2 protein chains.
Amino acid sequence: MIDTALFRDGMSRLAGAVNLITTDGAAGRHGFTASAVCSVTDTPATLLVCMNRAVSARAAFEQNGTLCVNVLCGVHEPLSNLFASRAASMEERFAAAQWRTGDTGAPILADGAVAFDCTIDLIQEVGTHSVLFCRIVGVHLFEDAVDTLVWGSRRYHRLPVQTRP
Amino acid sequence: MIDTALFRDGMSRLAGAVNLITTDGAAGRHGFTASAVCSVTDTPATLLVCMNRAVSARAAFEQNGTLCVNVLCGVHEPLSNLFASRAASMEERFAAAQWRTGDTGAPILADGAVAFDCTIDLIQEVGTHSVLFCRIVGVHLFEDAVDTLVWGSRRYHRLPVQTRP
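Here is a short report on the structure shown in this document.

Considerations on the overall build of chain A
And then number 1: Secondary structure assignment for chain A yields four helices and 12 strands.
And then number 2: Seen through its principal axes, chain A has C-alpha atoms that stretch 45 × 40 × 35 Å.
And then number 3: A total of 165 residues make up chain A; the buried ones form 50% of that total.
And then number 4: In chain A, of all internal contacts separated by at least 6 residues, the share reaching a separation of at least 24 is 64%.

Below, the structure written as structure tokens:
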């Protein structure tokens, strides 16, 4: 058995993009902060999101059957903290930013670095977490993004975005 | 259908740690560079690795049943390129660094930021890729690591490692 503190020390070195995972539909509007997001394949365009099953919104994501992965920019650090705070209601969270609605109905952060609008294809349960395999139906690039927000070694970093020539 | 170029432009903004995924056993020693690695749960300690099914080593990983995720430091940029190069043989790759052997038999990079020694529990096939769910049996922290290597916006970055007080 791996000690939880050692697992977390180790994982703190596996840096990753900071994202807001959002959904809307019959089960209502929900969103949370996650860095456990991974590209899977471009054929068909698929990503995955890991989600704690204890999160109250878990059932809403499954029921809505859709989600959007909003990759954050440097300026979104307070928004990341807000969507990670158990004390903040969904109303408070969504009131703190501008949103559009994707083809799936999921909320798209207006000025995120990029948004992946998805339908949830398959859910794999692993211990305390659910892994959501998501088919990407829309990719929304924010052309004015200058950086992206990354979490590593227990703090935020900003990585410059390179625009194509 | 999502255009492949648009998918890749979008995913270029989802920054992530750069890792060497290694294995050894009856099917021989193999290794490749991957950034599609994700923490899943600490109960039981589990991570996942996405791997192209067309990679020649795919069968070897499944047959050995074990792998090590070696999170790279800034100085390992050439090693990352080498393990990503189709032209480099496994002998050439492994000759370029110092290794130890984990409890599973997988090669552990001696000076990687952290290594997760794992057994492969479950493989989920998704389109062109396999998602390997791996039980972590050992976490090896390299105390002298000063930074980790991250890939984002189609280039390398170095993030400082924060040591615990």
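Thoughts on the interface of chain A and chain B
And then number 1: The interface is formed by 50 residues belonging to chain A together with 50 residues belonging to chain B.
And then number 2: Considering every element that reaches the side of chain A that touches chain B, the biggest residue donor is helix H1 (residues 4-11) of chain A, with seven residues.
And then number 3: The class makeup of the residues in the side of chain A that touches chain B is 28 nonpolar, 16 polar and six charged.

Examining the sheet that holds strand E9 (residues 114-126) of chain B
In a beta sheet, neighbouring strands are held together by backbone hydrogen bonds and run either parallel or antiparallel to one another.
All names here are of chain B.
And then number 1: Spatial strand order, E3-E2-E6-E9-E10-E5-E4: seven strands in an open sheet with antiparallel pairing. Each having just a single partner strand, strand E3 (30-34) and strand E4 (37-42) make up the two edges of the open sheet. With strand direction ignored, the average angle separating the axes of adjacent strands in the sheet is 30 degrees.
And then number 2: Taken together, the 12 bridges between E9 and strand E10 (residues 129-141) define a ladder with antiparallel strand orientation. Among the inter-strand pairings, Val114 is bridged to a residue of E10, identified as Leu141.

Some details on the relation of the copies chain A and chain B
And then number 1: If you rotate chain A by 180 degrees and push it 0.0 Å along the axis, it lands on chain B with an RMSD of 0.0 Å. Expressed as a symmetry operation, the mapping of one chain copy onto the other fits a two-fold axis. Using C-alpha coordinates, one finds that chain A approaches the rotation axis most closely at Gly16(A), a distance of 2.2 Å.
And then number 2: When you check the interface residues of chain A against chain B, 100% turn up at the interface there too, and the contact is symmetric in its surfaces.

Considerations on helix H3 (residues 77-84) of chain B
Residues and elements named next belong to chain B.
And then number 1: Turning to H3, its buried residues number three or more, namely Leu79, Leu82 and Phe83. Along H3, the residues classed as buried sweep out an arc of 90 degrees about the axis, all on the same side. Exposed positions of H3 whose direction lies more than 90 degrees from the buried face are Pro78 and Asn81.
And then number 2: For H3, the elements touching its buried residues are strand E2 (19-23), E3 and helix H4 (90-95).

Rules behind the numbers
- Residues numbered from 1 in each chain as written.
- Chains lettered and ligands numbered in written order.
- Predicted model: local features only at pLDDT ≥ 70, side-chain atom pairs only at ≥ 80, totals over all residues.
- Helix = DSSP H or I, 4+ residues; strand = E, 2+ residues; numbered from the N terminus.
- Buried ≥ 20, exposed ≤ 12 C-beta atoms within 10 Å, placed from the backbone.
- Contact = placed C-beta atoms within 7 Å.
- Nonpolar A, V, L, I, M, F, W, Y, C, P; charged D, E, K, R; others polar.
- Pairing = 2+ DSSP bridges.
- Axes fitted to C-alpha atoms, helices over the stretch in contact; angles between N-to-C directions.
- Least-squares fit on C-alpha atoms with pLDDT ≥ 70 in both.
- Arc of directions from axis to C-beta.

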